[in-house]
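Remarks on the overall topology
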Amino acid sequence: MTTATARTETAVREAVRADLLEVFRIEKRSFPQPWPYAAFERFLGEPAFLVADDGGVVGYVVADTMPNHGTSMGHVKDLAVDPDRRGEGIGRLLLGEALGRLFVEGAGRVKLEVRADNEAAQSLYRDFGFETHHVIPAYYDDGEDAHIMVRGR
């Protein structure tokens, strides 16, 4: 388990419109196929669209719930930390808060997709009890596989 902890002045709060440019900047620096700006706009107001803020946005998580055979399933859709701030525990802080909110919203399980070569993210998710459920070959536009990871309550 990683022992890094977020700086004490880093707060996690719900994202607001004024955060979107900084969220989008982090997205573009973090992923080879970044979400478009409009994708983040659609999630404003979701209880698990959260930002880590220490005087500016340094990371974010986008998660929601959806009906799934009579019970809700949580879905962590996107999680990123400013590349200059990685290793400080900010991703861990965001993921923990998002999972708490998803479970309060009634999620019985939570799923996510992660690139097969993203070992750091997979390790973080395993620390939170996620297990690889299956692999989808060529899930991403560049042909990389995705690990579908799931965690129960």
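Residues numbered from 1 in each chain as written. Predicted model: local features only at pLDDT ≥ 70, side-chain atom pairs only at ≥ 80, totals over all residues. Heavy atoms only, no water.

**Some details on the nonpolar core**
Spelled out, the test is: Put simply, buried Ala, Val, Leu, Ile, Met, Phe, Trp, Tyr and Cys residues joined by side-chain atoms within 4.5 Å make one nonpolar core. We call a residue buried when its accessible area falls under 20% of the maximum for its residue type, exposed when it is over 50%, and partly exposed in between, using a 1.4 Å probe and counting protein chains only. By definition, any uninterrupted DSSP run of H or I lasting at least four residues is a helix, any uninterrupted run of E lasting at least two residues is a strand, and each is numbered from the N terminus. Here, two residues are considered to be in contact whenever any of their heavy atoms come within 4.5 Å of each other.
Of all hydrophobic cores here, the largest spans 26 residues; its most connected members are Val 76, Leu 95, Val 110, Tyr 125 and Phe 130. Breaking this core down by element, the ones donating at least two residues are strand E2 (48–53), strand E3 (57–68), strand E4 (71–81), helix H3 (90–104), strand E5 (107–115) and helix H4 (119–127). Among residues more than four places away in sequence, those in contact with Val 76 are Val 61, Val 62, Ala 63, Leu 95, Leu 102, Val 110, Lys 111, Leu 112 and Glu 113.

**Examining the sheet that holds strand E7 (residues 146–152)**
Put simply, the rule is: The pairing criterion for strands is at least two bridges between them, as found by DSSP. Simply put, an axis is a line fit to the C-alpha atoms, just over the touching stretch for a helix, and the angle between two N-to-C directions goes from 0 to 180 degrees.
The strand order E1-E2-E3-E4-E5-E7-E6 describes an open sheet built from 7 strands, whose pairing is mixed. Edge positions in the open sheet fall to strand E1 (11–14) and strand E6 (131–136), since each of these has one partner strand only. Between one strand axis and the next, the sheet turns through 25° on average, direction left out of account.

**A look at the environment of Ile 136**
Within the element layout of this structure, Ile 136 appears in strand E6. It is 9.3 Å that separates the C-alpha atoms of Ile 136 and Glu 113, two residues lying 23 residues apart in sequence. If we ignore the near neighbours within four places in the chain, the residues touching Ile 136 are Asp 145, Ala 146 and Ile 148.

**So, H3**
Going by this rule: The span one expects for a helix is its residue count, reduced by one, times 1.5 Å.
Taking 1.5 Å per residue as the helical rise, H3 with its 15 residues ought to reach 21 Å, and the 21 Å between its terminal C-alpha atoms agrees with that figure. Taken residue by residue, H3 has Ile 90, Gly 91, Arg 92, Leu 94, Leu 95, Ala 98, Leu 99, Leu 102 and Phe 103 as its buried positions. Remark: Gly 106 follows H3 within two positions and exhibits a positive phi of approximately 100°.

**Comments concerning the environment of Thr 71**
For Thr 71, the location among the structural elements is in strand E4. With 35 residues separating them along the chain, Thr 71 and Gly 106 place their C-alpha atoms 7.6 Å apart. Discounting residues that sit within four places of it in the chain, Thr 71 has contacts with Met 66, Gly 106 and Gly 108.

**Section: the packing of aromatic side chains**
Just so we agree on the cut-off: Only rings of Phe, Tyr and Trp enter the pairing, Trp through its six-membered ring, and a pair is recorded when the two centres are within 6.5 Å. The plane angle decides the type: under 30 degrees is stacked, over 60 is edge-to-face, the rest tilted.
Applying the stated criterion to the full structure yields 7 aromatic pairs. On the numbers, 5.9 Å between centres and 85° between planes, the contact of Phe 24 with Tyr 37 is edge-to-face. With Phe 24 in helix H1 (residues 20–30) and Tyr 37 in helix H2 (residues 37–43), this residue pair connects regions lying 13 residues apart in the sequence. By relative accessible area, Tyr 37 is classed as partly exposed at 26%.

**Digging into the side chain of Glu 27**
Quick note on the threshold: Distance and chemistry together define a polar contact, namely a pair of N or O atoms within 3.5 Å, with one atom able to donate a hydrogen and the other to accept it when in protein, and with adjacent residues in sequence counting only for side-chain atoms on both sides.
Looking at the element boundaries, Glu 27 is found in helix H1. One polar contact links the side chain of Glu 27 to the main-chain amide nitrogen of Trp 35, over a distance of 2.8 Å. In contact with Glu 27, not counting residues within four places along its chain, are Pro 34, Trp 35, Phe 40, Tyr 60 and Asp 78.

**Remarks on unusual backbone geometry**
Notably, His 69 is not glycine yet its phi reads approximately 55°, a positive angle. Looking at the element boundaries, His 69 is found in the loop between E3 and E4. The class for His 69 is exposed, based on a relative accessible area of 81%. Its identity is not glycine, yet Ala 138 carries a phi of approximately 50°, on the positive side. Relative to the helices and strands, Ala 138 is located in the loop between E6 and E7.

These values are about where atoms sit, not about what they do.
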